[in-house]
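# Architecture and fold: a report
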Amino acid sequence: MNVASLNFQSWRGYLELMRPANIVTAWADILLGFAASGSGIIFVQLMNGEASFSILIPLAWLLLATTGLYGGGIVFNDVFDADLDAKERPNRAIPSGRVSRQNATLLGSILFAIGIVAAFQVSLLSAAIATFITLSCLLYNSLAKHHPFFGPLNMGLCRGSNLLLGVSAVPAIIGERWYLALIPVLYIAAITAISQGEVHGGKQITGVLALLLIAIVLTAVLALGLLEEYRAIAALPFAIFLAIRILPNFIKAAREPIAENIRNAVKIGVLSLIVLDATVASGFAGLYYGLFVLILLPISMKLAKVFAVT
């Protein structure tokens, strides 16, 4: 194998550690939070020539922040799981030798630093949320992931906080929109719970619990229509699409909790975070904004064909 081939394998290994398809789903969280902060109207103003693109600078910083935070969290997932992956998933970047554990640790640390610094460019509150996400990711990867209850809850909190990071584009709105974080908390808890059986298979009761959590999420998305500022009619098409995408896979995994079914449910569930975000975002900022968020789905799906999601 020549030097050029070795370099390619090394760079691909670093990208595999970061799970590019998953990072795109984190962007969707930020776009949802941005819409919920009341900033979704900015896109309408831009299209009408009533605003300057400079008002999108906070959004750009937050997108960079979530790239670092999510990427760092995923990298440390493989750092902490390196010994286990050597037995169960030897083809992953670290156990295969394409990336050393030391270099992976350095990469994850740099990504976390980028995330916090980028968030600080928006506000002190944004930086505080980014720091909380960093600590929560490290807690999950080092300890909580091995617990059947705290693991899913911990991961859900990471994702819910990521949504609030988007809301922090307008810090004063955090106090009014904090409850939105509960939606990804429940959704990610469902995915994390069922994912515990993606290698050796899982338990039927876990699949049923995950399916119940998904049903609660879908109900909550529709219940947001009770809010005066939320347009449920705009969110409804996205909610239907979300249900069609995820329910069949989760039902199948609950009925037959074999590893293959669970992996498929987890993969579809993770990528469908974009659909969930587009659903809620459309309720706050309108149909066109929801479609704008949904554009991220084919991008994430394309990346998922090249790089692993789980």
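These notes cover the structure that comes with them.

Conventions adopted
- Residues numbered from 1 in each chain as written.
- Predicted model: local features only at pLDDT ≥ 70, side-chain atom pairs only at ≥ 80, totals over all residues.
- Heavy atoms only, no water.
- Helix = DSSP H or I, 4+ residues; strand = E, 2+ residues; numbered from the N terminus.
- Rg over C-alpha atoms; globule rule 2.2 N^0.38 Å.
- Buried < 20%, exposed > 50% of the residue type's maximum accessible area, 1.4 Å probe, protein only.
- Contact = heavy atoms within 4.5 Å.
- Areas by Shrake-Rupley, 256 points an atom, 1.4 Å probe, with all protein chains shown as cover.
- Lys, Arg positive; Asp, Glu negative; His and termini not counted.
- Charge placed at Lys NZ, Arg CZ, Asp CG, Glu CD.
- Expected span 1.5 Å × (residues − 1).
- Arc of directions from axis to C-beta.
- Salt bridge = Lys/Arg side-chain N within 4 Å of Asp/Glu carboxyl O.
- Axes fitted to C-alpha atoms, helices over the stretch in contact; angles between N-to-C directions.
- Parallel < 35°, antiparallel > 145°, perpendicular 65-115°, else oblique.
- Left-handed = near helix turned anticlockwise from the far one by under 90°.
- Nonpolar A, V, L, I, M, F, W, Y, C, P; charged D, E, K, R; others polar.
- Core = buried A, V, L, I, M, F, W, Y, C linked by side-chain atoms within 4.5 Å.
- Phe/Tyr/Trp six-rings, centres within 6.5 Å; stacked < 30°, edge-to-face > 60°.

So, on to the overall build of the chain. A count of helices and strands for the chain gives 16 helices and 0 strands. Computed over C-alpha atoms, the radius of gyration of the chain comes to 19 Å, within 12% of the 19 Å expected from 2.2 N^0.38 for 310 residues, which places it in the range of a compact globule. Projected onto the principal axes, the alpha-carbon positions of the chain cover approximately 55 × 45 × 30 Å. Among the 310 residues that make up the chain, the fraction classed as buried is 53%. Counted over contacts in the chain with a minimum sequence separation of 6, partners at least 24 positions apart contribute 77%. Accessible area for the chain stands at about 14100 Å²; split by element, carbon and sulfur atoms hold 70% of it. Distance from the positive charge centre (19 side chains) to the negative charge centre (15 side chains) of the chain: 8 Å.

On to helix 6 (residues 101-120), then. Along its 20 residues, helix 6 runs 29 Å from first to last C-alpha, staying within 8% of the 28 Å computed at 1.5 Å per residue. Along helix 6, the residues classified as buried are A104, L107, G108, L111, F112, G115, A118 and A119. Down the axis of helix 6, the smallest arc covering the buried residues is 135 degrees, so these residues share one side. Set apart from the buried face of helix 6 by more than 90 degrees, the exposed residues are Q102, L106, V117 and F120.

What follows deals with helix 13 (residues 259-271). Look at helix 13: 18 Å from first C-alpha to last across 13 residues, which is about the 18 Å you get at 1.5 Å a residue. Within helix 13 the residues assigned to the buried category are A259, N261, I262, A265, V266, G269, V270 and L271. Tucked inside the fold, the buried residues of helix 13 contact helix 2 (20-39), helix 10 (182-195), helix 12 (232-255), helix 14 (273-285) and helix 16 (296-304).

The subject of this paragraph is unusual backbone geometry. Positive phi outside glycine occurs at R19, with the angle close to 50 degrees. Counting through the fold element by element, R19 comes out in the loop between helix 1 (3-18) and helix 2.

Within the element layout of this structure, A113 appears in helix 6. When the C-alpha atoms of A113 and A65 are compared, they prove to be 9.0 Å apart, with 48 residues separating the residues in sequence.

This part covers the pattern of salt bridges. A side chain with one charge can pair with a side chain of the opposite charge if their charged atoms come near. Within this structure, the stated rule accounts for 9 salt bridges. Among the salt bridges present, the one from R101 reaches D83, with a minimum N-O distance of 3.3 Å. A residue pair is termed long-range when its members are at least 10 positions apart, and R101 in helix 6 and D83 in helix 5 (residues 82-88) qualify at 18 residues. Judged by relative accessible area, R101 falls into the partly exposed class, the value being 35%. A single salt-bridge network, built from bridges that share partners, covers R19, D78, D85 and R92.

Geometry of a packed helix pair, given as the angle between the helix axes and the separation of the axes. Between helix 8 (residues 150-167) and helix 10, the shortest axis-to-axis distance is 7 Å and the interhelical angle comes to 140 degrees. By the angle between their directions, the pair helix 8 and helix 10 is classed as oblique. The handedness of the crossing between helix 8 and helix 10 is right-handed. Contacts between helix 8 and helix 10 involve G151, P152, L153, M155, G156, L157, R159, G160 and L163 on the former and, on the latter, P184, V185, I188, A189, T192 and A193. Tallied by class, the residues present in the contact of helix 8 with helix 10 amount to 10 nonpolar, 4 polar and 1 charged.

Within the largest apolar cluster, 93 residues are counted, with the highest numbers of intra-cluster contacts made by L17, Y187 and V280. For this core, the element with the most residues is helix 2, which contributes 11 residues.

Below, the discussion takes up the packing of aromatic side chains. If you walk through the whole model with that rule in mind, you get 7 aromatic pairs. Each ring, one from W178 and one from Y179, has its centre 6.3 Å from the other, and the planes form 80 degrees; the classification is edge-to-face. Judged by centre distance (6.3 Å) and plane angle (50 degrees), the rings of Y289 and F292 are tilted. Here the residue Y289 and the residue F292 both occupy positions in helix 15 (residues 287-294), the gap between them amounting to 3 residues, near one helical turn. On the basis of relative accessibility, which here comes to 36%, the residue F292 falls in the partly exposed class.

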